[in-house]
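Here is how the chains run, residue by residue.
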Amino acid sequence: MNLEKIKEKVDAAEVVEELIILSKKVFGKNSDDVQKVIEMFITKSYLMGKRNMVKTFDD
C-alpha cells in the first residue's frame, strides 16, 4: 500500500462520499465489517467537524 498516494487522494477529496469510495478501494479486500467501521468513522468525523464549526461561529 502506497501511503503517499493514498494521502494525496485523501487531500484531493472534496466531498465525504469521495473518502468513502476511496476507503472501499483501499480496504476492499477486507471484511464488510471493516468497511462499515471505516465508513462510520468518516461519517462521524464529518458530522463532528460540522458541529464544531457551528460552535465556533456561535462563540
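Residues numbered from 1 in each chain as written. Predicted model: local features only at pLDDT ≥ 70, side-chain atom pairs only at ≥ 80, totals over all residues. Heavy atoms only, no water.

Take the packing of helix H1 (residues 3-12) against helix H2 (residues 16-26) next. As a packed pair, H1 and H2 sit with axes 9 Å apart at the nearest point and diverge in direction by 160 degrees. Compared by their axis directions, H1 and H2 come out roughly antiparallel. Note on packing geometry: the crossing formed by H1 with H2 is right-handed. From H1, Ile6, Lys9, Val10 and Ala12 reach across to H2, where they touch Glu18, Leu19, Leu22 and Val26. Each residue belonging to the contact of H1 with H2 can be placed in one class, and the counts come to six nonpolar, no polar and two charged. (Axes fitted to C-alpha atoms, helices over the stretch in contact; angles between N-to-C directions. Helix = DSSP H or I, 4+ residues; strand = E, 2+ residues; numbered from the N terminus. Parallel < 35°, antiparallel > 145°, perpendicular 65-115°, else oblique. Left-handed = near helix turned anticlockwise from the far one by under 90°. Contact = heavy atoms within 4.5 Å. Nonpolar A, V, L, I, M, F, W, Y, C, P; charged D, E, K, R; others polar.)

Relative to the helices and strands, leucine 19 resides in helix H2. By relative accessible area, leucine 19 is classed as partly exposed at 26%. Residues leucine 19 and isoleucine 42, 23 residues apart in the sequence, show an inter-C-alpha distance of 7.4 Å. When residues no more than four places from it in sequence are discounted, the contact partners of leucine 19 are Val10, Ala13 and Ile42. (Buried < 20%, exposed > 50% of the residue type's maximum accessible area, 1.4 Å probe, protein only.)

A cluster of nonpolar side chains, namely Val37, Met40 and Phe41, defines an oily patch on the protein surface of about 320 Å² accessible area. Secondary-structure assignment places phenylalanine 41 in helix H3 (residues 32-58). Judged by relative accessible area, phenylalanine 41 falls into the exposed class, the value being 58%. (Patch = residues over 30% accessible without salt bridge, like charges linked within 9 Å, V, L, I, M, F, W, Y side chains within 5 Å. Areas by Shrake-Rupley, 256 points an atom, 1.4 Å probe, with all protein chains shown as cover. Salt bridge = Lys/Arg side-chain N within 4 Å of Asp/Glu carboxyl O.)

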